[in-house]
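So you can see what is in the structure, the chains are spelled out below.
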Amino acid sequence: MTSTAPDWAALAEANEREHRRRRLRLQIGAGALGVVLIGGAVATAVALSGPSDNARNTSAPAVTAQPDGPASGAPSADPSPGPSDPASASASASGSAQPSGSASARTGAKPTGSATGKPNAPAPTLPGLTLGGGAAVGGTAGHTGPTLVLHGNTDGWADSGSPVVDTSRSFTVSAVVRNNAPTGGRAVVTQGGDSYYSFYLGRDDWGTHNQWVFKVQTAAGAQDNTTYQAFSTAAGAATTGRWTLLTGVYDAGAKKITLYVDGVLQQTTAVQGVWQTTGGLQLGRVRYKNTWSDFWDGAISDVQVWDQALPATAVAQLNGSGGTGAGTTAKRSWLLP
């Protein structure tokens, strides 16, 4: 009779083989899952890391303000001869006084330029004026209100394009300025034609002569021997590094021009009249013998033009306000606070 008892040893061996196969399948499955999870983590990290260092380094550079002083290669003095040439006729003084200190709004701080540091920032503008590529409008340390910062080069200017001042009638022109140039004629506010200026407010420099000046061309016009000038006194020599209020007055009825420095009378000169021209008002340059010259190096602010001859009391009030108000509204003005 055949025995039906199970072969326990064979069954145990078969069961062990089955367990080994299951453990192997679990290990393989776990390994595959780990590969999938690691791959997903790597992909997420790449997506969140952003552009490469090379891509980040391609941003536009920051705007940098041009340093003070003439641009490299620019002359420190005007072309020879220029409007400040000694060949120009000298006027005689009929009265002068030493200038007093400037108003508190004008300090000796150095122009700092006006760059914003932001790429693609819009170019600064002055209503009614076109600016040269070297002109910057913005705040200047130590001065209240905006300034026009220029560097004594050929692209530093502002131009109205058409006349602002009717020079056949009385007028007054004024500006608060800081001069950085040690030498050379320097124009603050002028107006003229294609060949020559009709009036000029600025700095006159030749030889030992270094004075503020308001000068005009008479009705004959366009010649050095028809230039009439009102200078600052010896005590009012044109300085560098100091804010100064310059005011030029033409009185058509009295036929005279007068220069004030910081609100104080400097010189009055008799004239026959002022040549009427068709060119625009200029800030920072002058038209002289068919060329531009006397480019301003420094800062210009509080530019105002009146269609009347301001009396001495109004000019004194103008100085007391820091160059902003004379008690009567200006015909045109720029760069006021």
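Residues numbered from 1 in each chain as written. Predicted model: local features only at pLDDT ≥ 70, side-chain atom pairs only at ≥ 80, totals over all residues. Heavy atoms only, no water.

Trainee: I'm lost on the overall build of the protein in this one. Help?
Mentor: Scanning the protein from terminus to terminus reveals three helices and 17 strands. Burial statistics for the protein: of 337 residues in total, 45% are counted as buried. Intrachain contacts of the protein at a sequence separation of at least 6 include 72% that bridge at least 24 residues. For the protein, the exposed surface amounts to about 16100 Å²; the carbon and sulfur share of it is 56%. (Helix = DSSP H or I, 4+ residues; strand = E, 2+ residues; numbered from the N terminus. Buried < 20%, exposed > 50% of the residue type's maximum accessible area, 1.4 Å probe, protein only. Contact = heavy atoms within 4.5 Å. Areas by Shrake-Rupley, 256 points an atom, 1.4 Å probe, with all protein chains shown as cover.)

Trainee: In this structure, what is going on with the pairing of strand β8 (residues 209-217)? I would like to understand it.
Mentor: A regular strand places its side chains so that they alternate between the two faces of the sheet. Of all nine residues in β8, nine are buried, a share of seventy percent or more. Burial of the side chains of β8 extends over both faces: H209, Q211, V213, K215 and Q217 are buried on one face and N210, W212, F214 and V216 on the other. Looking at chain direction, strand β7 (residues 197-206) and β8 are connected through eight bridges and run antiparallel. Note on β8: the bridge partner recorded for W206 is H209. Counting the residues that bridge the hairpin from β7 to β8 gives two residues, and of these G207 lies at a positive phi of roughly 60 degrees. (Pairing = 2+ DSSP bridges.)

Trainee: Help me out: how do you make sense of the side chain of T172 in this one?
Mentor: Within the secondary structure layout, T172 lies in strand β5 (residues 171-179). Owing to a relative accessible area of 0%, T172 belongs among the buried residues under this scheme. From its side chain, T172 meets the backbone oxygen of Q308 in a polar contact 2.7 Å long. Other than its neighbours up to four places away in sequence, T172 contacts T247, G248, V249, Q304, V305, W306, Q308, A309 and L310. (Polar contact = N/O pair within 3.5 Å; in protein donor to acceptor, adjacent residues only side chain to side chain.)

Trainee: Before we go on, may I ask you to explain the environment of T324 in this structure?
Mentor: Here T324 lies in the loop between α3 (312-320) and β17 (332-334). Residues T324 and G145 lie 179 residues apart in sequence; the distance between their C-alpha atoms is 9.9 Å. Beyond its immediate chain neighbours, meaning those up to four positions away, T324 contacts D302, Q304, L318, L336 and P337.

Trainee: Even after reading the chapter, I still don't get unusual backbone geometry, so can you show me in this structure?
Mentor: With a phi angle near 50 degrees, K289 is a residue other than glycine that sits in the positive phi range. Here K289 lies in the loop between β14 (286-288) and β15 (291-293). Here K289 falls in the partly exposed class, since its relative accessible area comes to 41%. Backbone geometry places L335, a non-glycine residue, at a positive phi of 65 degrees. Along the chain, L335 turns up in the segment after β17.

Trainee: How should I be thinking about the sheet that holds strand β6 (residues 186-192) in this particular structure?
Mentor: By way of backbone hydrogen bonds, the strands of a sheet pair with one another, either parallel or antiparallel. Strand order in the open sheet made by the seven strands is β1-β4-β13-β6-β7-β8-β9, with antiparallel pairing throughout. Strands with a single pairing partner mark the edges of an open sheet, and in this sheet they are β1 (130-131) and β9 (227-231).

Trainee: For this particular structure, what's the right way to read the packing of aromatic side chains?
Mentor: Both the distance between ring centres and the angle between the ring planes are used here to describe each pair of aromatic rings. All chains considered together, the criterion is met by seven aromatic pairs. Ring geometry for F171 versus F199: centroids 5.0 Å apart, planes at 40 degrees, classification tilted. With F171 in strand β5 and F199 in strand β7, this pair connects stretches of sequence that are 28 residues apart. According to the relative accessible area criterion, F171 is buried, its value standing at 1%. According to the relative accessible area criterion, F199 is buried, its value standing at 0%. For the pair Y196 and Y288, a centre-to-centre distance of 5.2 Å together with 55 degrees between the ring planes defines the contact as tilted. Of this pair, Y196 sits in the loop between β6 and β7 while Y288 sits in strand β14; the two residues are 92 residues apart in sequence, bridging distant segments of the chain. This pair shows no difference in class: Y196 is buried, exactly as Y288 is. The cationic tip of K215 hangs over the ring face of Y200; the distance from NZ or CZ to the ring centre is 4.5 Å. (Phe/Tyr/Trp six-rings, centres within 6.5 Å; stacked < 30°, edge-to-face > 60°. Lys NZ or Arg CZ within 6 Å of the ring centre and 35° of its normal.)

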